[in-house]
Amino acid sequence: MIGYKLKYVMNPKSRDEGVKELRNWDLWGPLLLCLALAFVLSFKAKEGADTIFGTIFVIIWGGASILTLNAKFLGGKISFFQSVCVLGYCVFPILLASILITLIELGIELPLIVNLPICALALFWAVSSAVGFMKALVNEEKKYLAVYPVILFYLSLSWFVLIAASE
């Protein structure tokens with residue numbers, strides 16, 4: 001079940017196949033992705049690893065909840081947990097970027113100019129996966145009100161990965 005949803009996130013162009021699978025929401029996949037991202041980012045921390053872990057956890061679950069409520073208030077017709085599920089699965093590209101940067105930096109210290117394109121690619125990938133989903137939820141004239149907070153949400157997570165990499 002988790003693999004099918006990750007397949008949708010890995011290839012956001014295959015929306016027709018993923019829509020049916022995304023109706024069956026689960027929170028185990030987003031929980032595992034959230035814990036993995038929090039662990040990877042707190043792994044490199046010299047100080048305050050518990051603070052980083054807790055911050056990432058709260059940002060992902062609180063942010064996904066706020067984005068879902070925003071979509072509901074804009075007239076979106078979706079269940080709360082289904083939206084939180086999809087937004088949680090879309091964290092996967094950011095997790096991959098944090099793992100890649102962490103593995104590379106075990107050997108050498110990379111400058112910010114090298115980490116920036118990796119984080120930017122992960123941000124673009126996560127946003128393109130989530131935006132297609134969020135645009136389908138709301139009316140055409142309100143889609144930008146639903147999409148803009150999604151971009152800020154994944155931008156903040158990518159920023160954490162970039163900052164953690166530069167410590």
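Look up a bit, the structure's there.
Residues numbered from 1 in each chain as written. Predicted model: local features only at pLDDT ≥ 70, side-chain atom pairs only at ≥ 80, totals over all residues. Heavy atoms only, no water.

Glancing now at helix 3 (residues 28-43). With 16 residues, helix 3 should cover 22 Å at 1.5 Å per step; its first-to-last C-alpha distance of 22 Å lies within 8% of that length. Those residues of helix 3 hidden inside the fold are in contact with helix 1 (2-10), helix 4 (49-73), helix 5 (80-89), helix 6 (92-105) and helix 8 (143-165). (Helix = DSSP H or I, 4+ residues; strand = E, 2+ residues; numbered from the N terminus. Expected span 1.5 Å × (residues − 1). Contact = heavy atoms within 4.5 Å.)

With that settled, the discussion passes to the pattern of salt bridges. Counted by the stated rule, this structure contains 1 salt bridge. Put simply, Lys143 and Glu140 hold a salt bridge, and the shortest N to O gap is 2.9 Å. (Salt bridge = Lys/Arg side-chain N within 4 Å of Asp/Glu carboxyl O.)

To continue, consider the side chain of Asn115. For Asn115, the location among the structural elements is in helix 7 (residues 112-135). Those residues in contact with Asn115 that lie beyond four places of it in its chain are Ile101, Glu105, Leu110, Leu162 and Ala165.

Enumeration according to the criterion identifies 4 aromatic pairs in this entry. Taken together, a centroid distance of 6.2 Å and an interplanar angle of 40° make the contact between Phe39 and Phe43 tilted. Here Phe43 and Phe39 lie together in helix 3, a separation of 4 residues that amounts to about one turn. Across this residue pair, the class does not change: Phe39 and Phe43 are exposed. Aromatic pair Phe153 and Tyr154: ring centres 4.8 Å apart, planes at 65°, arrangement edge-to-face. The residues Phe153 and Tyr154 share a single accessibility class, namely buried. (Phe/Tyr/Trp six-rings, centres within 6.5 Å; stacked < 30°, edge-to-face > 60°. Buried < 20%, exposed > 50% of the residue type's maximum accessible area, 1.4 Å probe, protein only.)

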